[in-house]
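Residue-level listing of the chains:
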Amino acid sequence: MSVSPAHDATSDAPSDAAGRIWRGMRVLVVERHDRRRAVTEATGLSFVRVKALRRIAAGPMSMRELAGRLATDKPYTTLVVDDLERRGLIERTVHPTDRRQRMLAATPEGRRLARIARDILDEPPATLRDLPAADLAVLDRVITALIDADEPAR
């Protein structure tokens, strides 16, 4: 599937170019090089469970924090956490300063599966790896700038 015909992008209005670029990124990441199936097959977990496990493996957090980071409601987050706990991938403990809250932490097996998922998701496709160094440098600069500009205030 071709995203757009090759042409001089400078003749486009910025919004046209931005739309075309966004569609192209979606095609590359979501349609052509989507790694979710590989991650679910390697871990035996649904992708939302992998997302939760990866966030918990990055450092202990409360159920409320996890629900916020996953953008899921509390009842659904509880179902995901219950399943991860049943599988021995996370542990739930009482928050050290607020006994009403539960803290989540990954077990060694949970951290191992989170690393497997990270390695699969972080592996670039050959078409990206094979780009000339100058093109990679430009992409790196632009994507870093976009990520930095879109970073939520903390």
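This one's a predicted model, so the numbers in the text were calculated from it and none came from an experiment.

Scoring rules and cut-offs
Residues numbered from 1 in each chain as written. Predicted model: local features only at pLDDT ≥ 70, side-chain atom pairs only at ≥ 80, totals over all residues. Heavy atoms only, no water. Helix = DSSP H or I, 4+ residues; strand = E, 2+ residues; numbered from the N terminus. Rg over C-alpha atoms; globule rule 2.2 N^0.38 Å. Areas by Shrake-Rupley, 256 points an atom, 1.4 Å probe, with all protein chains shown as cover. Lys, Arg positive; Asp, Glu negative; His and termini not counted. Charge placed at Lys NZ, Arg CZ, Asp CG, Glu CD. Polar contact = N/O pair within 3.5 Å; in protein donor to acceptor, adjacent residues only side chain to side chain. Contact = heavy atoms within 4.5 Å. Buried < 20%, exposed > 50% of the residue type's maximum accessible area, 1.4 Å probe, protein only. Patch = residues over 30% accessible without salt bridge, like charges linked within 9 Å, V, L, I, M, F, W, Y side chains within 5 Å. Salt bridge = Lys/Arg side-chain N within 4 Å of Asp/Glu carboxyl O. Pairing = 2+ DSSP bridges. Axes fitted to C-alpha atoms, helices over the stretch in contact; angles between N-to-C directions.

Draft legend 1. Examining the overall build of the protein more closely. If you tally the helices and strands in the protein, you get eight helices and three strands. When the helices and strands of the protein are listed from N to C terminus, the series reads α-α-α-β-α-α-β-β-α-α-α. A compact globule built from 154 residues would reach a C-alpha radius of gyration of about 15 Å, whereas the protein, at 20 Å, exceeds it by more than 25%. Considered along the principal axes of its C-alpha atoms, the protein spans approximately 60 × 35 × 25 Å. By element, 56% of the accessible surface of the protein is carried by carbon and sulfur atoms, the whole surface being about 10,600 Å². Here the protein holds 27 positive side-chain charges and 23 negative ones, and the gap between their average locations is 7 Å.

Draft legend 2. Structural view of the side chain of Thr107. Mapping Thr107 onto the fold places it in the loop between strand E3 (102–106) and helix H6 (108–122). A polar contact of 2.7 Å, which involves the side chain of Thr107, links it to the backbone oxygen of Gly88. Leaving out residues up to four positions away in the same chain, Thr107 has contacts with Gly88, Leu89, Ile90 and Glu91.

Draft legend 3. Structural detail: the environment of Arg118. With respect to the helices, strands and loops of the structure, Arg118 is situated in helix H6. Judged by its relative accessible area of 35%, Arg118 is partly exposed. Separated by 88 residues in the primary sequence, Arg118 and Val30 have C-alpha atoms spaced 16 Å apart. A polar contact of 3.0 Å, which involves the side chain of Arg118, links it to the side chain of Asp119.

Draft legend 4. View of a nonpolar patch on the surface. Judged by side-chain polarity, Leu128, Leu136, Leu139, Ile143 and Ile147 come together as a nonpolar surface patch covering roughly 380 Å² of accessible area. With four residues, the single largest contributor to the nonpolar patch is helix H8 (residues 133–150).

Draft legend 5. Seen up close, the sheet that holds strand E1 (residues 61–62). Pairing within the open sheet is antiparallel, and its three strands lie in the order E1-E3-E2. What marks the edges here is a single partner per strand, and that holds for E1 and strand E2 (90–94). The sheet contact formed by E1 and E3 spans two bridges and is antiparallel. Among the inter-strand pairings, Ser62 is bridged to a residue of E3, identified as Met103. Along the sheet face, helix H5 (residues 74–86) touches E2 and E3 and points at about 115° away from the line of E2.

Draft legend 6. Region of the structure containing the environment of Val48. Here Val48 shows up in helix H3 (residues 47–57). In contact with Val48, other than residues within four places in its own chain, are Tyr76 and Val80.

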